[in-house]
Structures are given as structure tokens and as C-alpha cells.
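A look at the structure
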Amino acid sequence: MLIRPAVRPTGSTPDSDGRLRQAPGAAREDTLRQLVVQVRDRVVADVRLQGDVADHEAIRRKIAEVYGELVRTSNLVLGRNDREQLFERVVAEILGYGPLDPFLRDDTVTEIMVNGPERIYIERGGKIERTPYSFDDAAHLMRIIERIVAPLGRRIDESSPMVDARLPDGSRVNAIIPPLSLVGPVLTVRKFARVPLGVEELIKLGSCTAELMEFLKACVHARLNIVVSGGTGSGKTTLLNVLSSFIPGDERIITIEDAAELQLRQEHVITLESRPPNLEGRGQITIRQLVINALRMRPDRIIVGEVRGGEALDMLQAMNTGHDGSLTTAHANSARDALRRIETMVLMAGMDLPLRAIREQVASAIDLVVHMQRLRDGSRKVVQVAEITGMEGDTILMQDIFIFEETGMRDGKVLGELRPTGLRPKFSEKLQQAGFALGAELFGYGRRR
């Protein structure tokens, strides 16, 4: 099978030997894409006939055989590097995730967004950019989505047009297809670092300060209940990972998530993951059910990846009944807004509780809210650390311990500093009992403004 003459790149002419030289830009990409499609179709057809679908090594050998044949018989001249890269692209098309593979391997890419078959965007360094890659058509994109979700026992079709899944490397995947999406299948991949960021990396990136990390380490050791709040992509899970690294190694930790993202290094860790309903609509296990079950598993610490609904009530009750030192995240625009969101989520539990009773639960259960924000230059920073100090009437009282003060912009970067407010937290005695005698200067005493 030869590449059809119709795909000759516009504006390029064959040499005297009839071979096409480097085709410019998009035209050459079309030529290469057609070669990829031809190899894919040949290999898939042959593998189906041989019934050898499970043997990846055999498939890779078949790809090399067909690929070599088509390159030799085509009029396309490729350098050695181009030839090897194109071969890996063919392998990715058949055994991997097609056009997404190079971005999944690129550690600088943090998010992949596919808006229909023709538009692939990535986030790199906090900035979104469109890539020159695309899928052949909607059917091609659907094959890749199905390849992602099928091994996980998930399905996606018109009767179930949304799905959350997780790649083997831990990357989180969300897909939504027509009729819900009007632009064709939409795929979003949230990538996570192969080696999770630690304290030093966060300080180096400017996400926090050494003083704040010293303070938060003391808070985790002193078994304070901490909520990490922030918007989508603000770095909540990354910070939660770092906070969890401060938990002593001799404690029994239970993590509960929709899609397992936390990467704890302690030995005694039990990871629980919720389960969607099966094809018949049965068998769903919710975060709330897992929180309730975790209380029967003799946990020293409970870490809920994110509270989104009625499980907030069970989490608060756990914090108020001896399971202190718990950690969780919540979507919110500020530390104060995080408490309002938790109030709303408690109401979603279906319990007919008065608002004051809910706020008393929140005020007595949560000790600290650490708020993260993605700033307009794409950087992710801790911008507020607030202590819950109690109730006054129907109002939950809070005081800021650290606050980010922005001072301007330079070379596209937000300037500013995370400063202590000069207020010593009321739980300082707990920190001392845990063996952390934090100096007054950490909280801003005697510091020049």
C-alpha cells in the first residue's frame, strides 16, 4: 500500500529521483499523518486476523515491519531522527494515546485539554497554549478515550456521556461527549509529577516560604485539623501531599479520594477510592460511604482528597469525635468562602440541621484554613493562612496568621511576599505541647514593615 499521490504537499516538487523532499508546515504534517493512519490500519487489521491483541511486543514488531515497508515504498524522505520520531508516533497511535503521548511524556506539561478532534491545548508554566497536533476525526478521539477508560471498567457512550478515570501514571482524566458536548468529544487530563514536589521545591518555586512550612509542619504534628482551599488548578493537591509528608511514620493513615492522586511516602497507608455505578446503575460507592467506613478502620489520620458534598458532615463529625489531625481540600475563593462552602455541603447531606448548629460544628472541628490561588502570571501561591478562633453569635470568627501582599508586576511576574500578620495563633500551646516552640519572629513580632 502506497501513500496516495493526492497527499503531495502543496508547493513542493519532486526531485529527479521522484522523491519528495521536506514538505513545509501543515502540508507535511498531513503527509506524515496519512502515513501514520496507513500503518495503523494495516497493523490493526493483521493483528485482528492473528488474534494476537494482548502481546504488545508482537504488535510492536509488526508495526516496525509495516512501517519500514511503507516508508521505503513512499516518496517521503525522512532523516534518521524524523524516522525514529515518526515510528514512536505510530506506536503511540496503536498502543498508546495517539497525539496525546508526547504531552504525557513531557514533564513540563501540567494539563492537556482536547476540545473536539481538531483542537488540543496544553498548560505549561501556568499558561495555556494551542498545539499543532490534532486527531483525525471524532471517531479517532473516541477510540483514544475508550482506550483510557476501558481497562478501568468504565464506559462512555450516549447513555453515559461523562466519565472520570485515571491513567496508570496517576494522571486524572475527565471526558464528556455528545450529546452533552456540542463541540465533539472533550477530554481533559490533569497530570501529576512522577516525583511529587516537596517542601524545598515549593519554596524554590515561590509557592510558600520556609517560615510557613515550619509553621505548617508544627500544625500537622500537633494534630490540627486543616482545610486546604483554592480554585481549580491552584495547587491544593500538591500542598496536601506536602502536608501529609509531615505525618509521623508510625501513624495509620487512611486516604479517601474520587481518583487516587495523593502520593504518601509513609508505610502504614490505606488508600480508598470511590466507585461509580456499573452498567446497570448499581454498585456505586461514594466518598461519604468511604468516610463512614474509614471511622471503623482505627485510623490515626483521615485524609479526604476533596470534600464536595454530604461527606463534609461526616468529616466534621470525625474531626469532632477524636479523629483530630485530619486533612482535606475544598474548592473556594478565600478562607472565609471555604467555610461557607463547607456549610453548604453539610446541608447537602440531607440532615435537617439549623445553620447555627452547622457553624458550631465547623468552628469546633476545623483549626486552620490554608488558601491557595493561581495568580494572573500563572504562578500558584499560598495567599492566606487563617485560624478559626470560635463563634460570636451566629458568626464563625477567623484571624489571618499569614497573608500574601502583592506589590506589583515585573517582566510578567507578580511581585509580593507572604507575610506574618503579627498575630500569634490561639493554638500556640498545642504546638508547644507537640514539641514546637516557634519563635515570636516567625509570627512577625519585631519585624519591620
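Keep in mind that this is a model prediction, so the values were computed, not measured.

The geometry of an aromatic ring pair is captured by the separation of the ring centres together with the interplanar angle, meaning the angle of the planes. Evaluated as defined, the whole model comprises four aromatic pairs. An angle of 90 degrees between the planes, with centres 5.4 Å apart, marks the rings of Phe103 and Tyr133 as edge-to-face. On the criterion of sequence distance, the pair formed by Phe103 in helix α4 (residues 101–105) and Tyr133 in the loop between β3 (127–130) and α5 (138–149) is long-range, its members being 30 residues apart. With a relative accessible area of 30%, Tyr133 lands in the partly exposed category.

Note the cis peptide between Pro178 and Pro179, where omega equals 10 degrees. Locating Pro179 in the fold gives a position in the loop between β5 (172–176) and β6 (186–190). Notably, Asp411 is not glycine yet its phi reads approximately 55 degrees, a positive angle. Topologically, Asp411 is positioned in the loop between β14 (395–410) and β15 (413–420). The exposure class of Asp411 is exposed, given its relative accessible area of 77%.

Tracing the sequence through the fold places Gly310 in the loop between β10 (301–304) and α10 (311–320). On the accessibility criterion, Gly310 (12% relative accessible area) is buried. It is 10.0 Å that separates the C-alpha atoms of Gly310 and Gln289, two residues lying 21 residues apart in sequence. Ignoring anything within four residues of it in the chain, the contact list for Gly310 reads Arg288, Met345, Met348 and Ala349.

Below, the discussion takes up the side chain of Arg190. Position of Arg190 among the secondary structure elements: in strand β6. Arg190 gets classed as buried once you look at its relative accessible area, which sits at 17%. In contact with Arg190, not counting residues within four places along its chain, are Thr110, Glu111, Ser171, Arg172, Thr232 and Gly233.

A few words on the sheet that holds strand β4 (residues 162–166). Spatially, the six strands line up as an open sheet ordered β3-β2-β1-β6-β5-β4, and their pairing is antiparallel. Each end of this open sheet is capped by a strand with a single partner; those strands are β3 and β4. The average angle at which neighbouring strand axes cross in this sheet is 15 degrees, direction not considered. In this sheet, strand β2 (residues 120–124) lies alongside strand β1 (residues 109–115) in antiparallel orientation, the contact comprising five bridges. Looking across to β2, one finds that Val109 is bridged to Arg124. Helix-sheet contacts for α5 involve β1, β4, β5 and β6, and the interaxial angle to β4 is about 55 degrees.

A separate point is the pattern of salt bridges. This model, assessed by the stated rule, comprises 20 salt bridges. Across the pair Arg301 and Glu251 runs a salt bridge whose closest N-O atoms are separated by 2.7 Å. Taken together, the residues span a long stretch of sequence, with Arg301 in strand β10 and Glu251 in the loop between α8 (236–244) and β8 (253–257) at a distance of 50 residues. Since its relative accessible area comes to 1%, Arg301 is described here as buried. The partner of Arg308 in a salt bridge is Glu306, with the nearest N and O atoms 3.4 Å apart. Of the residues examined, Arg308 reaches a relative accessible area of 41% and is grouped as partly exposed. A relative accessible area of 16% places Glu306 in the buried class. Shared partners join several salt bridges into a network, and the residues in it are Arg223, Glu251, Arg301 and Asp324.

Here the focus is empty space enclosed by the protein. Within the structure shown, the criterion is met by two cavities of 30 Å³ or more. Empty space within the largest cavity amounts to approximately 60 Å³. In terms of lining, the largest cavity is formed by Val227, Val307, Ala312, Met315, Leu316, Met319, Thr328, Ile342 and Ile366. When residues of the lining of the largest cavity are assigned to their parent elements, the largest contribution, four residues, is made by α10. Looking at the lining of the largest cavity residue by residue, the class counts come to eight nonpolar, one polar and no charged. Looking at the second largest cavity, its volume works out to about 40 Å³.

So, about the sheet that holds strand β9 (residues 269–273). Strand order in the open sheet made by the nine strands is β9-β8-β10-β11-β7-β12-β13-β14-β15, with mixed pairing throughout. Two strands close off the open sheet at either side, each with one partner strand: β9 and β15. For this sheet, the mean inter-axis angle between neighbouring strands, taken without regard to orientation, is 25 degrees. Alignment of β14 against β15, held across eight bridges, turns out to be antiparallel. Residue pairing across strands places Glu405 opposite Glu417, the latter belonging to β15. The strands touched by helix α11 (residues 335–347) within the sheet are β7 (226–230), β11 (327–331), β12 (368–374), β13 (380–392) and β14, with β14 carrying the most contacts at an inclination of about 135 degrees. Where helix α12 (residues 355–365) meets the sheet, it contacts β13 and β14, and its direction lies at approximately 120 degrees from that of β13.

What counts and how
- Residues numbered from 1 in each chain as written.
- Predicted model: local features only at pLDDT ≥ 70, side-chain atom pairs only at ≥ 80, totals over all residues.
- Heavy atoms only, no water.
- Phe/Tyr/Trp six-rings, centres within 6.5 Å; stacked < 30°, edge-to-face > 60°.
- Helix = DSSP H or I, 4+ residues; strand = E, 2+ residues; numbered from the N terminus.
- Buried < 20%, exposed > 50% of the residue type's maximum accessible area, 1.4 Å probe, protein only.
- Contact = heavy atoms within 4.5 Å.
- Pairing = 2+ DSSP bridges.
- Axes fitted to C-alpha atoms, helices over the stretch in contact; angles between N-to-C directions.
- Salt bridge = Lys/Arg side-chain N within 4 Å of Asp/Glu carboxyl O.
- 1 Å grid on protein atoms, 1.4 Å probe; cavity = no way out; pocket = protein on both sides within 12 Å on 5 of 7 lines; lining within 4 Å.
- Points joined across faces, edges and corners; volume = space filled by probe spheres on them.
- Nonpolar A, V, L, I, M, F, W, Y, C, P; charged D, E, K, R; others polar.

Coordinates in, geometry out; function isn't part of it.
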